[in-house]
Amino acid sequence: MEMQKGKGGAAAATASGGGGGGGGGGGKLLIYTSLDAKDELEERLERCMGIVTSLTSGVSEREANDALNAHVCKGAPQHEEIYLGLFTLILTEPAQAQKCYRDLTLVSRDGMVGLLNKMNQVVMEKYLKLQDTCRIQFVWLVREMVRSGVLGSDGICMTFMKQIAGGDVTAKNIWLAENILDMLMEQREWVLKSSMLIAMSVYTFLRLIVDHHGSPPLQALRQKEVDFCISLLRDRFMDCAVIGRDLVRLLQNVARIPEFEQLWKDIIHNPQALSPQFTGALQLLQSRTSRKFLAFRLTPDMETKLLFMTSRVRFGQQKRYQDWFQRQYLSTPDSQSLRCDLIRYICGVVHPSNEVLSSDILPRWAIIGWLLTTCTSNVAASNAKLALFYDWLFFNPEKDSIMNIEPAILVMHHSMKPHPAITATLLDFMCRIIPNFYPALEAHVRQGVFNSLTHIVEKRVLAHLAPLFDNPKLDKELRAMLREKFPEFCSSPSPPVEVKIEEPVSMEMDNHMSDKDDSCYDNAEAAFSDDEEDLNGKGKKREFRFHPIKEAVVEEPVDITPFLDQLDESLKDKVLLLQKGSDTEAQCEVMQEIVDQVLEEDFDQEQLSVLASCLQELFKAHFRGEVLPEEITEESLEESVGKPLYLIFRNLCQMQEDNSGFSVLLDLLSELYQKQPKIGYHLLYYLKASKAAAGKMNLYESFAQATQLGDLHTCLMMDMKACQEDDVRLLCYLTPSIYTEFPDETLRSGELLNMIVAVIDSAQLQELVCHVMMGNLVMFRKDSVLNILIQSLDWETFEQYCTWQLFLAHNIPLETIIPILQHLKYKEHPEALSCLLLQLRREKPSEEMVKMVLSRPCHPDDQFTTSILRHWCIKHDDLLAEHIKSLLIKNNSLPRKRQSLRSSSSKLAQLTLEQILEHLDNLRLNLTNTKQNFFSQTPILQALQHVQASCDEAHKMKFSDLFSLAEEYEDSSSKPPKSRRKATISSPRSRKNAAQPANNEEESASSSASEEEDTKPKPTKRKRKGSSAVGSDSD
């Protein structure tokens, strides 16, 4: 509340205590800790600001405008530099804000679409790090854009609303809530133009009212929020009704406030007063709340942390993540209300894939169980339980998802053993909520709960419920109440049903799935901790794990009536014709007429969103099933892209990018994308498969920038992920084009590669390998391949083997990726080690290769280094001997204290003299009793002499057998070793060392003779012998 509104002048600068703000070090934009690296986005924004400053400093205003316009006209990159530079100046220089905003409106060539996308990115990713001055100025800029009616500014408003944290009454959070609310109240007419903004605003501030109580400033803010919400609910109730049943939940929380008390009377007794289409509370309660609303009440940071916990953290290793989350967000009394938001989000939004559900990743029920145990007040606990069971109360199997009700039953089931009190309180709540939630609708609630339990058993979430409802750990009164409310589920099967592990359980859904561990839920009790395991009758351990649930596709009749009333008459007629169209050709003709009307100059672009809703509903069938024809021919591909919806793509391909209709169609696709994300990969398919789109794949980049994501990389990865989940064949079909057309997005990280190798089979792998070898596909390049292979070390075994097969199909020198050896541990990375070993055996050893191989730590069970050295001994003995000699002498010549600090091209490369000697000793043992005479070569023997002369006694003792080879070489100097001649012709270096054989051998012989007289050789003699052993000219 202490932070002030930005005024675009000096006042804003003083509001935050100057330009620094935020109480931390850092740049002009972001706050840093001492450990943070410089942010790439901030560096880019500051570079752009520097460009703008250089163009405008020291010249008149007119000259500055001319310079900016001239720079913008050079091309899209220059246009981006200018608007990003002006944007950064607005954030960091409040005194120049008004002027910069005026310049921004004058130079913008895309209606500020690019800037809005970048603003969204900054708010989503960097808002928490923004300096206070920048936050103030950011809100000021959004206010100005709203006043100017900039198209798309509603999106940035909603992104800011998402950053208002629930359960947080700190000054900065309250300041943001108040400023956004003031903006929306000032621009009420503008707000009323966007039905989505109305619904999101009401959902946000209805939820925040609960947090704002106590001090006079908070009471004043609360009253403004009440007035704002009541005004929108009464004037635009049906726009708010799209929220669904969670609107009722939020209204229940504020029902004691007089204004809402009166609203409740109208909802119950006079619903028509709110809207002629509104029939009462039941209409809302039977409507499932969309994911986008449930996700809207979590800040991006909370959402990222929760998604990480539910997709990456292993069950049993979650405590430190939960402790961090609790310290960050759940440690204050005000944060009690946030638990409801988190539980609703987990139930309604976090729907893990089958792969995650059947893995050891932290399950949803465990997080919810933890949240329930952290409630410290009875009111918060009751609200959290209601949030958990909310979708049960009016559950309809045809409309609602099993995934929304599954966490509650599993929390009760798994808590029975370690936390029976949690199970008991949840079962008690489930029974008591039926008559008490809304007495007038008791029959509906009872039916909803009954439907939920029936669906849970049908879908085999639990095999049956009797062990839960009639468990001896529950008190008698509760068990009696459960038997009274749910007699159908309380009787144990008689005789007991045994679900055989070998038998697949037939599921009433599209695919039949083997539920092998089904019996583990029948009579067993599970725990929160994954290290508690029961033994079955046969003494075998059983693993408690939830198994994948696939929801059946229910064909619902298409109802677009709510949207039709919002369309112009002519467009409405065409949409109705489209709905009635009996065949594809007729629908295509009507669709072309709709596109033509959209492209007319007088078309009201505010209708694009409604039209997109109609099209998405009418063509739902387009987005189900496989897109790619079974047999791929020119004819079948052309036929597959003849769908009515693809006409938008075709028209887009036929236009020039500077055509005004081009941006209109992109806006239509952007609206469609919000409502049906699969449209993204359908566009990719059209651009690849259609003859009309030949060479137009770059249109996808324009599409990505037009979406709310506004970023090609993010959009591409999301679309390919959706494609991966829906149609693996299509993913493989698109892969060559995606890598070819968007190399910067695909080759710089392993994200897309991981998506591909996670789902392909061996035949599809072979097909991709062929594409690589024929030159149609490049999946790796030298500058990033090492990082990608390092990323792949955490993937599944088959995924890693696929990755290495694809890498080996490329013509990339192995030396490019040899530094990966230092990341490979023999127990953790067998896949990469075996692939690398097989590839190294085909290579001639270079000194860098040998160095990396020898850099591996010695371990008795790790045979990698010995294996490859032995192979090179057989194939390239002379070359290997030279490299080892060179490395031994280099490592021996450096001071001992510095050996552990030295590194090669990689910081991880640490090669010590002891490591080399250990590996050589292992090799010596491996070659014992073989005919291989590697250690009789002159370079090896000379190097060992050199090392022995200067190493300490401990090393001499440890490697005495190895050094004895060199001594034998000295003793036998009168008759040259058998391999001497071979060594002398192996390389120029060997010939050079062999140039003075007589002197060297005489010196060695005399040294050896003197050493025989004394068991402890004198250091001076070792030094002389060592110097002669490397072919010195001093003799």
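What you see is a predicted model, and the numbers here were worked out from it, not measured in a lab.

Visitor: Quick rundown of the overall build of the protein? Include the residues and the values.
Guide: Per the secondary structure count, the protein includes 57 helices and 2 strands. Sequence separation of at least 24 residues holds for 72% of the intrachain contacts in the protein that already meet a minimum separation of 6. Counting only carbon and sulfur atoms, one obtains 50% of the accessible surface of the protein, whose full area is about 46,900 Å².

Visitor: With reference to specific residues and values, describe the pattern of salt bridges.
Guide: In total, this model carries 42 salt bridges according to the counting rule given. Residues Asp-211 and Arg-207 are paired through a salt bridge, measuring 3.1 Å at the closest nitrogen-oxygen approach. Between Arg-314 and Asp-360 there is a salt bridge, and its shortest N-O distance comes to 2.7 Å. Taken together, the residues Arg-314 in the loop between helix H18 (300-311) and helix H19 (319-329) and Asp-360 in the loop between helix H21 (354-357) and helix H22 (364-373) connect sequence positions 46 residues apart. A relative accessible area of 42% places Arg-314 in the partly exposed class. Judged by relative accessible area, Asp-360 falls into the partly exposed class, the value being 35%.

Visitor: Quick one: what's the story with helix H3 (residues 61-72), residue by residue and with numbers?
Guide: An ideal rise of 1.5 Å per residue puts 16 Å on 12 residues; H3 measures up with 17 Å between its terminal C-alpha atoms. When we look at burial in H3, the residues that qualify are Ala-64, Asn-65, Leu-68, His-71 and Val-72. Seen along its axis, H3 keeps its buried residues to an arc of 130°; they face one direction.

Visitor: Kindly report on the packing of helix H7 (residues 132-147) against helix H9 (residues 171-186), identifying the contributing residues and their values.
Guide: Contact geometry for H7 and H9: axes closest at 10 Å, N-to-C directions at 10°. What the angle tells us is that H7 and H9 run roughly parallel. Residues Asp-132, Arg-135, Ile-136, Val-139, Val-142, Arg-143, Val-146 and Arg-147 of H7 form the contact with H9, whose own contacting residues are Lys-172, Trp-175, Leu-176, Asn-179, Asp-182, Met-183 and Glu-186. Grouping the amino acids of the contact of H7 with H9 by side-chain chemistry returns 7 nonpolar, 1 polar and 7 charged.

Visitor: Give me the lowdown on the side chain of His-455, citing residues and values where you can.
Guide: Locating His-455 in the fold gives a position in helix H26 (residues 442-458). The residues touching His-455, leaving out its near neighbours within four places in the chain, are Phe-395, Pro-397 and Ile-402.

Visitor: So what's going on with the confidence of the model for the protein? Residues and values would help.
Guide: Keep in mind that low pLDDT regions are not for reading the predicted coordinates in detail. Averaged over every residue, the pLDDT of the protein is 80; the share at 70 or more is 82%. In this model residues 493-554 is a low-confidence stretch, pLDDT under 50, and it forms 119 contacts with partners more than four residues away in sequence or in other chains. Across residues 971-1035 the pLDDT falls below 50, and counting only partners more than four positions away or on other chains, this stretch makes 63 contacts in the model.

Visitor: Hey, could you go over the packing of aromatic side chains for me, with residue numbers and the actual values?
Guide: This model, assessed by the stated rule, comprises 27 aromatic pairs. Between Phe-315 and Trp-365, the aromatic rings sit 5.6 Å apart at their centres with planes inclined by 85°, giving edge-to-face as the arrangement. Taken together, the positions of Phe-315 in the loop between H18 and H19 and Trp-365 in helix H22 put the pair 50 residues apart, joining distant regions of the chain. Across the pair, exposure class does not vary: Phe-315 and Trp-365 are buried alike. With centroids separated by 5.5 Å and ring planes inclined at 50°, the aromatic side chains of Phe-450 and Phe-489 adopt a geometry described as tilted. A residue pair is termed long-range when its members are at least 10 positions apart, and Phe-450 in helix H26 and Phe-489 in helix H29 (residues 487-490) qualify at 39 residues. Residue Phe-450 is classed as partly exposed on the basis of its relative accessible area of 27%. Phe-489 sits in the buried class, given a relative accessible area of 11%.

Visitor: Tell me about the packing of helix H4 (residues 76-92) against H7, residues and numbers included.
Guide: Where H4 contacts H7, the two axes come as close as 7 Å, and the packing angle between them is 120°. Here H4 lies oblique to H7, going by the angle between them. Note on element contacts: H7 touches H4 through Thr-133, Cys-134, Gln-137, Phe-138, Trp-140 and Leu-141, opposite Phe-87, Ile-90, Leu-91 and Thr-92. Counted by class, the contact of H4 with H7 contains 7 nonpolar, 3 polar and no charged residues.

Visitor: Before we move on, can you summarise H26 with the specific residues and values?
Guide: Taking 1.5 Å as the rise per residue, H26 with 17 residues should run 24 Å; its terminal C-alpha atoms sit 24 Å apart, in good agreement. Along H26, the residues classified as buried are Val-445, Gly-448, Val-449, Asn-451, Ser-452, Leu-453, His-455 and Ile-456. On its buried face, H26 is in contact with helix H24 (402-415), helix H25 (420-436), helix H27 (466-469) and H29. Just downstream of H26, Arg-460 is the residue with a positive phi angle, here 65°.

Visitor: Describe the nonpolar core, naming the residues involved and giving the relevant values.
Guide: In terms of nonpolar packing, the biggest core is built from 175 residues, with Phe-260, Trp-392, Ile-409 and Phe-469 touching the most fellow members. Per element, the largest residue contribution to this core is 10 residues, and it comes from helix H11 (residues 195-209). With near-sequence residues (within four places) excluded, Phe-260 lies in contact with Leu-206, Ile-209, Val-226, Cys-229, Ile-230, Leu-233, Leu-251, Val-254 and Ala-255. Counting 143 residues, the second-largest nonpolar core is a separate cluster that includes Leu-608, Ile-648, Leu-669 and Ala-689.

Visitor: Before we move on, can you summarise a negative patch on the surface with the specific residues and values?
Guide: Taken together, Asp-583, Glu-585, Glu-589, Glu-593, Asp-596, Glu-600, Glu-601 and Asp-602 make up a surface patch of like negative charges. Along the chain, Asp-583 falls in the loop between helix H31 (569-580) and helix H32 (584-598).

Visitor: Break down the environment of Asn-120 for me, with residues and values.
Guide: On the secondary structure map, Asn-120 appears in helix H6 (residues 113-126). On the basis of relative accessible area, Asn-120 is assigned to the buried category, the value being 14%. Sequence separation between Asn-120 and Met-158 is 38 residues, and the spatial gap between their C-alpha atoms is 9.6 Å. Beyond its immediate stretch of four places on either side in the chain, Asn-120 contacts Gly-155, Ile-156 and Thr-159. Reaching out from Asn-120, the side chain makes a polar contact with the side chain of Thr-159 at a distance of 2.4 Å.

Thresholds, definitions, all that
Residues numbered from 1 in each chain as written. Predicted model: local features only at pLDDT ≥ 70, side-chain atom pairs only at ≥ 80, totals over all residues. Heavy atoms only, no water. Helix = DSSP H or I, 4+ residues; strand = E, 2+ residues; numbered from the N terminus. Contact = heavy atoms within 4.5 Å. Areas by Shrake-Rupley, 256 points an atom, 1.4 Å probe, with all protein chains shown as cover. Salt bridge = Lys/Arg side-chain N within 4 Å of Asp/Glu carboxyl O. Buried < 20%, exposed > 50% of the residue type's maximum accessible area, 1.4 Å probe, protein only. Expected span 1.5 Å × (residues − 1). Arc of directions from axis to C-beta. Axes fitted to C-alpha atoms, helices over the stretch in contact; angles between N-to-C directions. Parallel < 35°, antiparallel > 145°, perpendicular 65-115°, else oblique. Nonpolar A, V, L, I, M, F, W, Y, C, P; charged D, E, K, R; others polar. pLDDT = per-residue confidence, 0-100. Phe/Tyr/Trp six-rings, centres within 6.5 Å; stacked < 30°, edge-to-face > 60°. Core = buried A, V, L, I, M, F, W, Y, C linked by side-chain atoms within 4.5 Å. Patch = residues over 30% accessible without salt bridge, like charges linked within 9 Å, V, L, I, M, F, W, Y side chains within 5 Å. Lys, Arg positive; Asp, Glu negative; His and termini not counted. Charge placed at Lys NZ, Arg CZ, Asp CG, Glu CD. Polar contact = N/O pair within 3.5 Å; in protein donor to acceptor, adjacent residues only side chain to side chain.

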